[in-house]
Amino acid sequence: ITVQDSTLVITADIMLDSSFRVGVVTTTVQPIAANGNLAVHVLKTDLTVFDIFTFPYDTYNQQIEQTLNSKLSTALTGKFTVTNAAIGPNSHLPCAASDSLILTGTTSQL
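Predicted, not measured: the structure shown is a model, and the values here were computed from it.

J.: Report on the environment of Ile-14, specifying residues and quantitative values.
T.: Relative to the helices and strands, Ile-14 is located in strand β2 (residues 7–16). Accessibility expressed as a relative area gives 34% for Ile-14, which makes it partly exposed. When the C-alpha positions of Ile-14 and Phe-53 are compared, they lie 14 Å apart, and in sequence the two are 39 residues distant. Residues within four places of Ile-14 in sequence aside, it is in contact with Phe-20, Arg-21, Val-22, Gly-23, Val-24, Val-25 and Leu-47.

Here it is, written out as structure tokens:
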């Protein structure tokens, strides 16, 4: 996972017999807040085969988004209610690094 501008770029290798890389899937996501939880919105997915051919592969965007959001939905449950999520500085935190994940919200008392 890397940060590019205000998005997260997730890459995954496609392996054959765990020794030969056939391709790479690259998915670009934007962090968001959804129902008080950290979530992501998938912007695009590309498939690169043999490091030569790159194709847009947005067919699975919704499935990728649902899978990631099902995992993220419980990450802060009971600890933090997320009202906004973004990458980099904003008006509330102008000194944040450009690759920082900034969450705005409320915390529950412990």
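Still more to cover.
J.: Give me the pattern of salt bridges: which residues, what numbers.
T.: Two side chains of opposite charge can pair, provided their charged atoms sit close to one another. Counted according to the given criterion, the structure contains three salt bridges. Close ionic contact of Arg-21 with Asp-13 constitutes a salt bridge, the shortest N to O distance being 3.5 Å. Judged by its relative accessible area of 36%, Arg-21 falls in the partly exposed class. Between Asp-46 and Lys-44 there is a salt bridge, with its nearest N and O atoms 3.5 Å apart. A relative accessible area of 41% places Lys-44 in the partly exposed class. A single salt-bridge network, built from bridges that share partners, covers Asp-13, Arg-21 and Asp-51.

J.: Summarise the sheet that holds β2; cite the residues concerned and give the values.
T.: On the basis of which strands lie adjacent, the open sheet formed by five strands has the order β1-β2-β3-β4-β5 and antiparallel pairing. Bordering the open sheet on either side are β1 (2–4) and β5 (53–56), each of which pairs with just one other strand. The mean inter-strand angle of the sheet, taken between neighbouring strand axes irrespective of direction, is 35 degrees. Two strands pair when backbone bridges link them, and strand β4 (residues 37–49) and β5 are joined in this way by four bridges, in the antiparallel orientation. Its bridge partner lying in β5, Thr-48 is registered against Thr-54. In this fold helix α1 (residues 61–72) packs onto β2, β3 (20–34) and β4, with an angle of close to 140 degrees to the strand it touches most, β4.

Scoring rules and cut-offs
- Residues numbered from 1 in each chain as written.
- Predicted model: local features only at pLDDT ≥ 70, side-chain atom pairs only at ≥ 80, totals over all residues.
- Heavy atoms only, no water.
- Helix = DSSP H or I, 4+ residues; strand = E, 2+ residues; numbered from the N terminus.
- Buried < 20%, exposed > 50% of the residue type's maximum accessible area, 1.4 Å probe, protein only.
- Contact = heavy atoms within 4.5 Å.
- Salt bridge = Lys/Arg side-chain N within 4 Å of Asp/Glu carboxyl O.
- Pairing = 2+ DSSP bridges.
- Axes fitted to C-alpha atoms, helices over the stretch in contact; angles between N-to-C directions.

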